Every structure is written in structure tokens, then in C-alpha cells.
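# Inside the fold
The lines below spell out each chain.
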Amino acid sequence: MKIYAINGSPRKNKNTATLLQKALDGVKQSVKDQEVETEIINLYDLKYTGCKSCFACKRLGGSSYGKCAIRDDLYEILEKLSQADGLIFGSPVYFGNISGQLQSFLERLFFPYLVYDSNYSSISPKRMQTAFIYTMNVTEEKMKEIGYLSTFNKVEFYLERLFAKPLVMYSNDTYQFDDYSKYKVECFSEEEKAEHRKIQFPLDCEKAFELGVNLIK
Ligand SMILES: Cc1cc2nc3c(=O)[nH]c(=O)nc-3n(C[C@H](O)[C@H](O)[C@H](O)COP(=O)(O)O)c2cc1C
């Protein structure tokens, strides 16, 4: 069994990456009797673009039908992910959306599997389980108030259509810097952030672990 975590943060050991690792730990615990391979794919280590609209993936009789034809760092990765049993995506929220790097990745992952038929059906070779972990500065209340959920829903809609309905979790009010005193920050209180990090982040880590436990049922 192969489960991949896709890290949409440029940081490899901060909020998003930490929660993705916890989720993979949860997966490993839940399927301990079975062989499970897990891997974190750090998107910011890879050189690639979003979809280039070449339509090779939709060309009838073409050698790339149902597959992305662009030969960059994602080519082999997408091949590997096509056989996954589970995909756990993680993204920091950037300007109210998922990170640009993850957005470009999803264009490449999604488009070859989306068929232009009357149902927009899926030709993904596997209906793998999916999950999405969002991390962000804003509090949970603010996230709901300013409409982030409707943006997130769009990604979740395609995950469900192409693969399976994602498990979702949010980590809010994240701790952003190692030392707030070194940066110009007036809109957050470091004390409150530090307190939240101490009390809430460990709970978020537990939630991510549980999400991993529940991924493969
Ligand atoms: C370019 C940029 C834009 C951001 N925009 C938002 C935003 O719109 N809303 C928000 O709540 N947090 C925003 N943040 C904060 C990050 O989402 C938050 O710190 C996140 O937990 C970082 O994840 P990481 O620690 O895994 O890198 C932004 C951060 C950066 C660097």
C-alpha cells in the first residue's frame, strides 16, 4: 500500500509539513498489519509548471491519452501517484487560497483524469482515498466569516469527483516565525500566537494523526 503526502508549503518542517507527517504516522498505525509505504513529496523542490493546455491528455488515440504529457519534474511523480492508495494534500493558505505551487500541481494531476463527456467523468486509474490539511494565520471564526471555505470547497469538489471525497482539517492561527521580535508584525500578538501554538497546535497534530488513521478504512 502506498500513501503519499503532498506538501504545498515551501517550508519542510513548519506547520503544514508537521501535520502531514502526523497524518502519515496515523496511516502507518492504522494499517500496521499491511505493508505500507509513505512518502512526503515537497512540491517546492520540483521544477514544473501548471497545465499548458496542450490537450495531449485528451487526444483520441494519442499516446498520452489520460496522462499528462509534459516532461518536467512532475512527469515521473504523476506516474507514481496514479498507483497510490491514498493522497494527503497539505497547503498553507496564501491570499485566501491554496499555495500557487499546489494549485499548479493540481491542474496537472486533475486535468488528464477529467473526461470531457456529459458527466465530466473520471478516468483516474485508481479511486484513491484523499485528505486535505489547510494551515493558516486566521482563526477558525475568521476563516468561516471571510468565506475561505467556499474557495477550499472547489478543490475538494474535484478531489471527490476524480478520486474520493476528502477528509478535511484546518489548522488555524498558526505560528509563523521562529522569533516574532525580528519581524514587523503589528496585527498579531506574539503572546497569543505562542499560547495558541503551545495549547492548540499539539491538538491539531492529534487531529492530523486521526485523519491519517481514518484515511484507509
Ligand atoms: C505569501 C503568504 C500569504 C499568506 N496569506 C495568508 C492568508 O491569506 N490568510 C491566512 O490566514 N494566512 C496567510 N498566510 C499565513 C500562512 O498561511 C500560515 O502561516 C501557514 O500556516 C504557513 O504554513 P507553513 O508553516 O507550513 O509554511 C500567508 C503566508 C504567506 C507567506
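These figures come from a predicted structure and were not determined experimentally. Positions within a chain are numbered from 1, following the residues in the order the chain's sequence is written. Reporting of local features is limited, given that this is a predicted model, to residues whose pLDDT is at least 70; pairs of side-chain atoms are given and counted only at 80 or more, and all residues count toward the totals for whole chains, interfaces and linings. Values reported for side chains reflect all heavy atoms of the structure, with hydrogen atoms and water molecules removed beforehand.

### Looking at the UniProt feature "domain: NADPH-dependent FMN reductase-like" (unreviewed entry) in the protein
UniProt positions are given in the numbering used here, feature names are shortened, and annotations may be inferred rather than shown by experiment. Within the UniProt annotation, "domain: NADPH-dependent FMN reductase-like" (unreviewed entry) is assigned to residues 1–111. Only runs of H or I of at least four residues qualify as helices and only runs of E of at least two qualify as strands under DSSP, and these elements are numbered from the N terminus. As annotated, residues 1–111 has a helix share of 32% and a strand share of 17%, and its two end C-alpha atoms lie 25 Å apart.

### Some details on the packing of aromatic side chains
Side-chain rings of Phe, Tyr and Trp (the six-membered ring for Trp) are treated as a pair once their centres are within 6.5 Å; stacked means planes under 30 degrees apart, edge-to-face means over 60, and tilted covers the remaining angles. One pass over the full model with this rule turns up 16 aromatic pairs. Consider the rings of tyrosine 116 and tyrosine 120, whose centres lie 6.4 Å apart with planes at 85°: the pair is edge-to-face. Per-residue accessibility, obtained with a 1.4 Å probe over protein chains only, is compared with the maximum for each type, and a residue is labelled buried under 20%, exposed over 50%, and partly exposed between these values. The class for tyrosine 116 is exposed, based on a relative accessible area of 55%. Note on tyrosine 120: relative accessible area 45%, which makes it partly exposed. Lysine and arginine charges are scored as sitting over a ring when NZ or CZ, respectively, is within 6 Å of the ring centre and within 35 degrees of the ring normal. In this structure, lysine 58 packs its charged tip against the face of phenylalanine 111, placed 4.0 Å from the ring centre. Sitting over the face of the ring of tyrosine 75, arginine 71 holds its NZ or CZ atom 4.0 Å from the ring centroid.

### What to know about the sheet that holds strand β5 (residues 167–171)
Strand pairing follows a simple DSSP-based rule, namely that at least 2 bridges must link the two strands. The sheet built from five strands is open, its strands ordered β2-β1-β3-β4-β5 with parallel pairing. Two strands bound the open sheet, and with one partner strand each, they are β2 (37–42) and β5. Along the sheet, successive strands turn relative to each other by an average axial angle of 15°, direction set aside. For strand β1 (residues 2–7) and strand β3 (residues 86–92), the ladder comprises five bridges, and the chain directions are parallel. When the bridges of β3 are listed, isoleucine 6 appears paired with phenylalanine 89. Contacts are residue-level and defined by heavy atoms, with any inter-residue pair within 4.5 Å sufficient. In this analysis an axis means a line fitted to C-alpha atoms, helices contributing only their contacting stretch, and an angle means the value between N-to-C directions, from 0 to 180 degrees. Sheet contacts for helix α1 (residues 15–30): β1, β2, β3, β4 (129–135) and β5; angle to β3, the most-contacted strand, approximately 160°.

### Considerations on the side chain of serine 122
Residue position: serine 122 is located in the loop between α3 (100–110) and β4. A distance of 3.2 Å separates a polar side-chain atom of serine 122 from the backbone nitrogen of serine 124. Not counting residues up to four positions away in its chain, the partners in contact with serine 122 are Tyr113, Val115, Arg127, Arg161 and Leu162. Identification of polar contacts relies on pairs of N or O atoms within 3.5 Å, with a donor-acceptor requirement for protein atoms, meaning one able to donate a hydrogen and the other able to accept it, and with residues adjacent in sequence counted only if both atoms are side-chain atoms.

### Here's the deal with the site of the ligand
Nearness is judged by heavy atoms alone; a residue qualifies as near a molecule or strand once a single heavy atom is within 4 Å of it. Taken together, the neighbourhood of the ligand is formed by 17 residues, with Arg11, Thr16, Val93, Thr135 and Thr174 sitting nearest. At 2.8 Å from an oxygen atom of the ligand is found a side-chain nitrogen or oxygen belonging to asparagine 15. Throughout, the Shrake-Rupley method with a 1.4 Å probe supplies accessible areas, and for residues the shown protein chains are the sole cover considered. Contact with the protein chains covers 81% of the free accessible surface of the ligand, which is 650 Å². Under this grouping Gly is polar, as are all residues other than the nonpolar Ala, Val, Leu, Ile, Met, Phe, Trp, Tyr, Cys and Pro and the charged Asp, Glu, Lys and Arg. Considering only residue class, the shell around the ligand consists of seven nonpolar, eight polar and two charged.

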